[in-house]
Amino acid sequence: GGSQWNQVQQLEIKFLEQVDQFYDDNFPMEIRHLLAQWIETQDWEVASNNETMATILLQNLLIQLDEQLGRVSKEKNLLLIHNLKRIRKVLQGKFHGNPMHVAVVISNCLREERRILAAANMPI
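Small disclaimer: the values here were computed from a predicted structure and weren't measured.

Quick notes on the rules
- Residues numbered from 1 in each chain as written.
- Predicted model: local features only at pLDDT ≥ 70, side-chain atom pairs only at ≥ 80, totals over all residues.
- Heavy atoms only, no water.
- Phe/Tyr/Trp six-rings, centres within 6.5 Å; stacked < 30°, edge-to-face > 60°.
- Helix = DSSP H or I, 4+ residues; strand = E, 2+ residues; numbered from the N terminus.
- Buried < 20%, exposed > 50% of the residue type's maximum accessible area, 1.4 Å probe, protein only.
- 1 Å grid on protein atoms, 1.4 Å probe; cavity = no way out; pocket = protein on both sides within 12 Å on 5 of 7 lines; lining within 4 Å.
- Points joined across faces, edges and corners; volume = space filled by probe spheres on them.
- Nonpolar A, V, L, I, M, F, W, Y, C, P; charged D, E, K, R; others polar.
- Polar contact = N/O pair within 3.5 Å; in protein donor to acceptor, adjacent residues only side chain to side chain.
- Contact = heavy atoms within 4.5 Å.

Visitor: Any chance you could explain the packing of aromatic side chains here in plain terms?
Guide: Any aromatic ring pair is given by two values, namely how distant the centres are and how the planes are angled relative to each other. The tally for this structure, following the rule as stated, stands at four aromatic pairs. Taken together, a centroid distance of 6.0 Å and an interplanar angle of 75° make the contact between Trp-5 and Tyr-23 edge-to-face. Of this pair, Trp-5 sits in helix H1 (residues 4-9) while Tyr-23 sits in the loop between helix H2 (13-21) and helix H3 (29-34), and the two are 18 residues apart along the sequence. Each member of the pair Trp-5 and Tyr-23 is classed as buried.

Visitor: Mind showing me how you'd approach the layout of surface pockets here?
Guide: Unfilled space is identified by rolling a water-sized probe across the atoms. If you add up the space inside the largest pocket, you get close to 160 Å³. In terms of lining residues, the largest pocket is bounded by Thr-55, Leu-58, Gln-59, Leu-62, Leu-91, Gln-92, Phe-95, His-96, Gly-97, Asn-98 and Pro-99. Going through the elements one at a time, helix H6 (51-74) and helix H7 (78-95) are the ones with two or more residues in the lining of the largest pocket. If one sorts the elements of the lining of the largest pocket by residue count, H6 sits on top with four residues. Looking at the lining of the largest pocket, its residues break down into five nonpolar, six polar and no charged.

Visitor: What is the right way to read the side chain of Glu-113 from this model?
Guide: Within the fold, Glu-113 resides in helix H8 (residues 99-119). A polar side-chain atom of Glu-113 sits 2.8 Å from a polar atom in the side chain of Arg-32. Residues within four places of Glu-113 in sequence aside, it is in contact with Gln-4, Trp-5, Val-8, Phe-22, Tyr-23 and Arg-32.

These values are about where atoms sit, not about what they do.
So this is what it looks like as structure tokens:
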């Protein structure tokens, strides 16, 4: 579909390199990619100031991740299974007890993407 993430992937390399810089273990790009539609329909901005909402979103994020894990396990995609398990462990460890931080990180990444898309004159 016409998701923001699809737009990002069509950027020229110099813009892609900017995007590459703000994805790290705080918010791995695999998650951004696999859960693009879902991520873009959640209000991370609001959640970054609301602990209850942030907690629910984080739980849902992990549930979405588990669904992806189930899917790739059926496909026996060993590399992706390995990465997703590692990511899940990292996320749970990093954000356990601090769900608002997740929301801040994700909302910042989405905002940066929009800024870069605008700079590249991509229709958002």
